[in-house]
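Observations on the three-dimensional arrangement
Each chain, letter by letter, is given below.
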Amino acid sequence: MKCPIETRESAELLLAYCDRKLDAESTAILERHMEVCAACREFASGQRAVWEALDAWESAPVTQDFDRRLYRRIDRETSWWHLLMRPFRPVLVRQGLPIAAAACLLVMAGVLLERPAGAPPAAPRPQSAQVEAFEADQVDHALDAMRMLGEFSHRVPGDAADSKM
Amino acid sequence: MPERVKTDMGGAIAALDYDAELMLRVKEGDGASFGLLLEKHRSPVVHFLYRMVQNHAVAEELAQEVFLRVYRSRSSYEPTAKFTTWLFRIATHLALNSLRDGKNERLQERLDNDSSDMPARQVSDSRPSVEQKMVYQVRLDEVRQAVAALPEKQRAAVLMHKYEEMEYSQIARVLRCSESAVKSLLFRAYETLRARLAHMA
């Protein structure tokens, strides 16, 4: 057999052997190997010493009021929640879903009604006022121009006759 | 919280794991099943936490938090892994957080104060001599200090392997690492412990 101590992966064989968790066949093979392998023997005796030392380390028993303290904490949490929910409980139990649905619909309706039908008119920008003022001037200029043209057109036939003459 | 996987797998685990079945009953509102879980796992959880933080009062406080979290999570519980995997994952997480929070201040205090927490060990002689008691105490302190000196994850792996007799695969799931990583953690941890404790044979 290949020495288990040579590869870390196989060292678990030795750990299992020391913990008496190895099957009979593997145990027999390993024990034959250990007869000739001092390193594996040393590993096994060292590991057994570790486990014996760890076995000696006992934990203190759990205190008697452990459960009482735990249940008190649980009760405190649950009673806090129950107190908070108590006024709503009968209604929530019997009609929770319809009420939740109705509340959702109300909220949605409220949101929709709050919004005006058309988009709000944009505040007139100063530029548009200028444009409007500019357009009024243009109208005045246009009217002046038309008046001048009218006068000009009255004069033109005479001028034309003069030129023919 | 247990990781969620397919429901049929959860069902299979529940069928194999009586604890998971109990927890599903707790989820349905059966308080008595929570009592059964507490009765079964109270001592292993407290002892694991005690050996992790090496202070009995802190260990019990953390264990209370573990079971409180279990109870709080009942409504969302899904049996996606063994119940003990989930339980020890919570316990390990709390222990590691506790160690990181107050490691430096409490370490010496733990090692100094803890002797009073220990039960009187039964030695073969019904009335151990003062000398025997002292020898035992010295050996015990050596063991505790050797374990306390291990890096946190190695310590958790050793405690789960040695005292809870967990398989590598389960330790891997508790510590959220691969099985080979657990083997490596254990190998290095036992190597360190052999170097420190082999003379006690």
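Residues numbered from 1 in each chain as written. Chains lettered and ligands numbered in written order. Predicted model: local features only at pLDDT ≥ 70, side-chain atom pairs only at ≥ 80, totals over all residues.

A short note on the nonpolar core
To be explicit about the condition: Think of a nonpolar core as buried Ala, Val, Leu, Ile, Met, Phe, Trp, Tyr and Cys residues, each tied to the set through C-beta atoms within 7 Å. Partly exposed residues are those whose C-beta has more than 12 but fewer than 20 other C-beta atoms within 10 Å; 20 or more makes a residue buried and 12 or fewer makes it exposed, with C-beta atoms placed from the backbone. Distance between backbone-placed C-beta atoms decides contact: two residues are in contact if it is within 7 Å.
Counting 63 residues, the largest nonpolar core has Leu49, Val66, Leu87, Ala91 and Ala157 of chain B as the members making the most contacts within it. Residues within four places of Ala91 of chain B in sequence aside, it is in contact with Val45, Phe48, Leu49 and Val66 of chain B.

Some points on the packing of helix 2 (residues 18–27) of chain B against helix 3 (residues 31–53) of chain B
Residue and element names in this part refer to chain B. How we decide: Whenever a helix is involved, its axis is fitted only over the stretch in contact; in every case the axis is a line through C-alpha atoms, and angles between N-to-C directions fall within 0 to 180 degrees. Note on conventions: DSSP H or I runs of at least 4 residues are helices, E runs of at least 2 residues are strands, and numbering of each starts at the N terminus. Left-handed is the label given to a crossing in which the near helix is rotated counterclockwise from the far helix by less than a right angle, and right-handed is the label when the rotation is clockwise. The residue classification treats Ala, Val, Leu, Ile, Met, Phe, Trp, Tyr, Cys and Pro as nonpolar and Asp, Glu, Lys and Arg as charged. All others, Gly included, are polar.
Running from N to C, helix 2 and helix 3 cross one another at 145 degrees; their axes reach a closest spacing of 7 Å. Considering only the axes of helix 2 and helix 3, their crossing is left-handed. Packed against helix 2, whose contacting residues are Asp19, Leu22, Met23, Arg25 and Val26, the element helix 3 presents Ser33, Phe34, Leu36 and Leu37 at the interface. Residues that form the contact of helix 2 with helix 3 fall into these classes: six nonpolar, one polar and two charged.

A look at the confidence of the model for chain A
All names here are of chain A. We apply this condition: pLDDT expresses how confident the predictor is about each individual residue, on a scale running from 0 to 100.
For chain A, the average pLDDT comes to 74, and 62% of its residues sit at 70 or higher. This model gives residues 126–131 a pLDDT under 50, and the stretch forms one contact once residues within four places in sequence are excluded. Every residue in residues 158–165 scores below 50 in pLDDT, and together they form zero contacts with partners more than four places removed in sequence or on other chains.

Quick word on the interface of chain B and chain A
Taken together, the contacts link 32 residues of chain B with 27 residues of chain A. Elements with a contribution of two residues or more to the side of chain B that touches chain A: helix 3, helix 4 (56–72), helix 6 (130–148) and helix 9 (179–197) of chain B. Class assignment for the residues of the side of chain B that touches chain A results in 17 nonpolar, five polar and 10 charged.

A short note on the packing of helix 3 of chain B against helix 4 of chain B
Residues and elements named next belong to chain B. Defined as follows: When an angle is under 35 degrees it counts as roughly parallel; over 145 it counts as roughly antiparallel; between 65 and 115 it counts as roughly perpendicular; any other value is oblique.
Look at helix 3 against helix 4: their axes get within 8 Å of each other, and the N-to-C directions meet at 140 degrees. Relative to helix 4, the element helix 3 lies oblique. In terms of crossing hand, the pair formed by helix 3 and helix 4 is right-handed. On the side of helix 3, the interface is formed by Phe34, Leu38, Val45, Val46, Leu49, Tyr50 and Val53, while helix 4 contributes His56, Val58, Ala59, Glu60, Leu62, Ala63, Val66, Phe67 and Tyr71. A breakdown of the residues in the contact of helix 3 with helix 4 according to their chemical character gives 14 nonpolar, one polar and one charged.

Side note on unusual backbone geometry
Residue and element names in this part refer to chain B. The backbone of Gln54 sits at a positive phi, close to 60 degrees, despite the residue not being glycine. Checked against the element boundaries, Gln54 lands in the loop between helix 3 and helix 4. According to the C-beta neighbour criterion, Gln54 is buried, with 23 such atoms within 10 Å. We note that Glu165 has phi near 50 degrees; this positive angle belongs to a residue other than glycine. Positionally, Glu165 belongs in the loop between helix 7 (152–162) and helix 8 (168–175).

Notes on the environment of Arg188 of chain B
Its location among the elements puts Arg188 of chain B in helix 9. In sequence terms Arg188 of chain B and Leu150 of chain B are 38 residues apart; their C-alpha atoms lie 9.5 Å from each other.

Things to note about the environment of Leu36 of chain B
Following the sequence through the fold, Leu36 of chain B ends up in helix 3. Spatially, the C-alpha atoms of Leu36 of chain B and Met23 of chain B are 9.6 Å apart, while their sequence positions differ by 13 residues.

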